[in-house]
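Coordinates in review
If you want the building blocks of each chain, they are given just below.
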Amino acid sequence: MDTNADTLQTIQQLINDILVWIGFGTIVGLLTKAIMPGRDPGGAIATLAMGIGGTVIGCGILSFLVEGQRVTPISPMGFAVATGGAFIILAFYRLLAGYWFVEGEHPRGRLRPATRRRRRYSASAFEDD
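For the structure given in this document, a descriptive report is provided here.

Another point: the overall build of the protein. Scanning the protein for helices and strands turns up three helices and zero strands. In the protein, the succession of helices and strands from N to C terminus is α-α-α. Split into buried and exposed, the 129 residues of the protein put 22% on the buried side. Long-range pairs, those at least 24 residues apart, make up 61% of the contacts in the protein between residues at least 6 apart in sequence.

This part covers the nonpolar core. Counting eight residues, the largest nonpolar core consists of Phe 24, Val 28, Met 36, Met 50, Ala 82, Ala 86, Leu 90 and Ala 91. Of all the secondary structure elements, the ones that give two or more residues to this core are α1 (2-35) and α3 (76-97). Ranked by residues supplied to this core, first place goes to α3 with four residues. Contact partners of Ala 82, with chain neighbours within four places excluded, come to Phe 24, Val 28, Gly 54 and Thr 55.

This next bit is on the packing of aromatic side chains. Under the criterion given, the structure shown has one aromatic pair. Pairing Phe 24 with Phe 79 gives two aromatic rings, centres 5.8 Å apart and planes at 70°, and the pair type is edge-to-face. Of this pair, Phe 24 sits in helix α1 while Phe 79 sits in helix α3, and the two are 55 residues apart along the sequence. By relative accessible area, Phe 24 is classed as buried at 11%. You can call Phe 79 partly exposed: its relative accessible area is 28%.

Here Thr 83 shows up in helix α3. According to the relative accessible area criterion, Thr 83 is buried, its value standing at 11%. In this structure the side chain of Thr 83 is engaged in a polar contact, spanning 2.8 Å, whose partner is the backbone oxygen of Phe 79. Not counting chain neighbours up to four residues away, the residues in contact with Thr 83 comprise Val 28, Leu 31, Thr 32 and Ile 35.

Next up on the list: helix α2 (residues 44-65). With 22 residues, α2 extends 31 Å between its outermost C-alpha atoms, agreeing within 8% with the 32 Å of an ideal straight helix rising 1.5 Å per residue. Along α2, the positions that sit buried rather than exposed are Thr 47, Met 50, Gly 51, Gly 54, Thr 55, Gly 58, Cys 59 and Leu 62. An end-on view of α2 places all buried positions within 145° of arc, on one side of the element. Residues Ile 45 and Phe 64 are exposed on α2 and point more than 90 degrees away from its buried face. On its buried face, α2 is in contact with α1 and α3.

Rules of the game
- Residues numbered from 1 in each chain as written.
- Predicted model: local features only at pLDDT ≥ 70, side-chain atom pairs only at ≥ 80, totals over all residues.
- Heavy atoms only, no water.
- Helix = DSSP H or I, 4+ residues; strand = E, 2+ residues; numbered from the N terminus.
- Buried < 20%, exposed > 50% of the residue type's maximum accessible area, 1.4 Å probe, protein only.
- Contact = heavy atoms within 4.5 Å.
- Core = buried A, V, L, I, M, F, W, Y, C linked by side-chain atoms within 4.5 Å.
- Phe/Tyr/Trp six-rings, centres within 6.5 Å; stacked < 30°, edge-to-face > 60°.
- Polar contact = N/O pair within 3.5 Å; in protein donor to acceptor, adjacent residues only side chain to side chain.
- Expected span 1.5 Å × (residues − 1).
- Arc of directions from axis to C-beta.

This is the structure in structure tokens:
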């Protein structure tokens, strides 16, 4: 009987941890995209992945640098280093995607917005027969 209760509690704790990481990663990713100026690549899944990856990178770096201290993502220090880690990921993503540096003479994309073409009519089209 105790084995089933322990297993159920372990599964519930695992699901809780996964949902907390997803929610926390989303908040961190959105905050990072709001802080960093410019057009941001990626959609909702990229924001979530960036937030979770930033949390792992930020908390991992802080745990490596500060020996003997465990950093949890859901703390003020964890939130700060997670945002910094996601900021690093977004900067590298923009750098590799070519948003900051463009090779060649002309930047990618249009320099001016597309204009609609007007249909030209001849004068004879409006004359009555």
